Amino acid sequence: MEDQRAADDLTLRLDELAAGLTDPDCDLDDLADIEEELVAARRRDLIPHLERHLAAAVEAGNWYARHVLARILAETAGHTSLAALLRAYSRNLGDDQDSLSTKLYVLAQEDPAAAREILLPCAVGNDEDLRRAAIWLLGFVPEPGDLNLLAYAAQDSDEGVRSAVVGTLGSHGTEPTAIDLLLNLLGDPSPQVRISALSSLGFLQQSRTLPKIRLLANDDNPRVRAWVAIALGRFHAPEPVDPVTSATLDQLAADADPYVRDQAAEARQRKPLRS
């Protein structure tokens, strides 16, 4: 009886917190006290109520309520909260979501097999937001078999999905198929996807990727051209300098855009030059 009374009291406290999080005039210190009380309780019978309030906060576009409720749910349910947290994370409410993204990849790595059972169906589902989030999180629990899924997702009509693919491909390191997919994404219609691919390829420093990286020195988008210089600057090797890469950096150093010129100058200082 006492245990049930305690559970009912905590449910009421959760309802009070959820209501307060929608009230711009509510005392934040009072809400913080309730939040810590619920975190400390770790009552698993609160999980369905937490999931309901979290979903409502996301639906209402309340990023702060999402932040608070997601934290309580994660502390209460552990890795079993991953599906609900992923759904909440997938919606763009205008905040950076640093704490929630950190919690997601920590939970996924606690039980990679269970996480992948949740992520794989989401990564090929009909919800674009959820596809993006699932593909991103697969990068923290990668397996070689994911490359077929990623090759398919690289053709997705949604730019955000293709951007997520680039980041997750980087988790597969220098696996030749992953490198080939990144090279293909250098031709993506989205400048941001091309930039992300350049960043990953520069980090991986595979010599065979240099010719395609250098081609983007003629890209119409100045940010893409700047990232060509940044990527080339990550290819370190002893002298002598690779003459083709050197010529590309000379071209970028004379670019009409000042940011491109600055990045080319910095790349020169880092002595790029594996051919």
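Further up the page is the structure itself.
The residue count restarts for each chain, going from 1 along the sequence in the order it is written. Note on the predicted model: pLDDT of at least 70 is required for a residue's local features to be given, and 80 or more for side-chain atom pairs to be given and counted; whole-chain, interface and lining totals, by contrast, use all residues. As a rule here, side-chain values cover all heavy atoms of the structure and leave hydrogens and water aside.

Caption draft 1: Representation of the overall build of the protein chain. Where helices and strands are cited, they refer to DSSP runs of H or I of at least four residues and of E of at least two residues respectively, numbered from the N terminus. Scanning the protein chain from N- to C-terminus turns up 16 helices and 0 strands. In this treatment the radius of gyration is a C-alpha quantity, and the globule benchmark scales as 2.2 Å times the residue count to the 0.38 power. A compact globule built from 275 residues should have a C-alpha radius of gyration of about 19 Å, whereas the protein chain, at 23 Å, is more than 25% larger. Looking at the 275 residues of the protein chain, the share that counts as buried comes to 46%. We call two residues in contact when some of their heavy atoms are within 4.5 Å. Sequence separation of 24 or more characterises 66% of the internal contacts of the protein chain that already satisfy a separation of 6 or more. Per-residue and other accessible areas were derived by the Shrake-Rupley procedure at a 1.4 Å probe size, with only the shown protein chains allowed to occlude residues. Summing over all exposed atoms, the protein chain offers an accessible surface of approximately 13,400 Å²; the carbon and sulfur share of this is 51%. Think of it this way: Lys and Arg go in the positive column, Asp and Glu in the negative one, and His and the chain ends go nowhere. Charged groups are reduced to one reference atom each: NZ for lysine, CZ for arginine, CG for aspartic acid, CD for glutamic acid. For the protein chain, the distance from the average site of its 27 positive side-chain charges to the average site of its 45 negative ones is 8 Å. Each residue is placed in one exposure class: buried if its accessible area under a 1.4 Å probe, protein chains only, is under 20% of its type's maximum, exposed if it is over 50%, and partly exposed if it falls in between.

Caption draft 2: The packing of aromatic side chains, seen in detail. Only the six-membered ring of Trp is used, alongside the rings of Phe and Tyr, when aromatic pairs are assigned; centres must lie within 6.5 Å, and planes under 30 degrees apart are stacked while those over 60 apart are edge-to-face, with the rest tilted. One pass over the structure, following the stated rule, counts 4 aromatic pairs. Consider the rings of Tyr89 and Trp136, whose centres lie 4.9 Å apart with planes at 25°: the pair is stacked. With Tyr89 in helix H5 (residues 82–90) and Trp136 in helix H8 (residues 128–138), this residue pair connects regions lying 47 residues apart in the sequence. Judged by its relative accessible area of 23%, Trp136 falls in the partly exposed class. Grouping aromatic residues by their ring pairs yields a cluster made of Tyr89, Tyr105, Trp136 and Phe140.

Caption draft 3: Quick look at helix H15 (residues 243–253). Turning to H15, its buried residues are Thr245, Ser246, Thr248, Leu249 and Leu252. Looking straight down H15, one finds its buried side chains confined to an arc of 160°; they lie on one side. Note that the arc is defined by the directions from the helix axis to the C-beta atoms.

Caption draft 4: Inspection of the pattern of salt bridges at higher detail. Just to be clear on terms, a salt bridge is a Lys or Arg side-chain nitrogen sitting within 4 Å of an Asp or Glu carboxyl oxygen. Scanning the model with the defined rule gives 20 salt bridges in all. One salt bridge in this structure joins Asp129 and Arg91, with 3.5 Å as the shortest N-O distance. Note that Asp129 is positioned in helix H8 and Arg91 in the loop between H5 and helix H6 (98–110), a separation of 38 residues in sequence. Assessed through its relative accessible area of 24%, Asp129 is described here as partly exposed. Here Arg132 and Asp158 are joined by a salt bridge, their closest N and O atoms 2.7 Å apart. Linking Arg132 in helix H8 with Asp158 in the loop between helix H9 (146–153) and helix H10 (159–170), this pair joins segments that are 26 residues apart in sequence. When salt bridges with common partners are traced through the structure, they connect Arg91, Asp127, Asp129, Arg132 and Asp158 into a single cluster.

Caption draft 5: Inspection of the side chain of Thr248 at higher detail. Tracing the chain through its elements places Thr248 in helix H15. Apart from residues no more than four positions distant in its own chain, Thr248 is found in contact with Arg214, Ala217 and Leu232.

Caption draft 6: Up close: the environment of Arg214. Note on placement: Arg214 falls in helix H13 (residues 210–215). On the basis of relative accessibility, which here comes to 15%, the residue Arg214 falls in the buried class. Excluding residues within four positions of it along the chain, Arg214 makes contact with Leu232, Asp242, Val244, Thr245 and Thr248.

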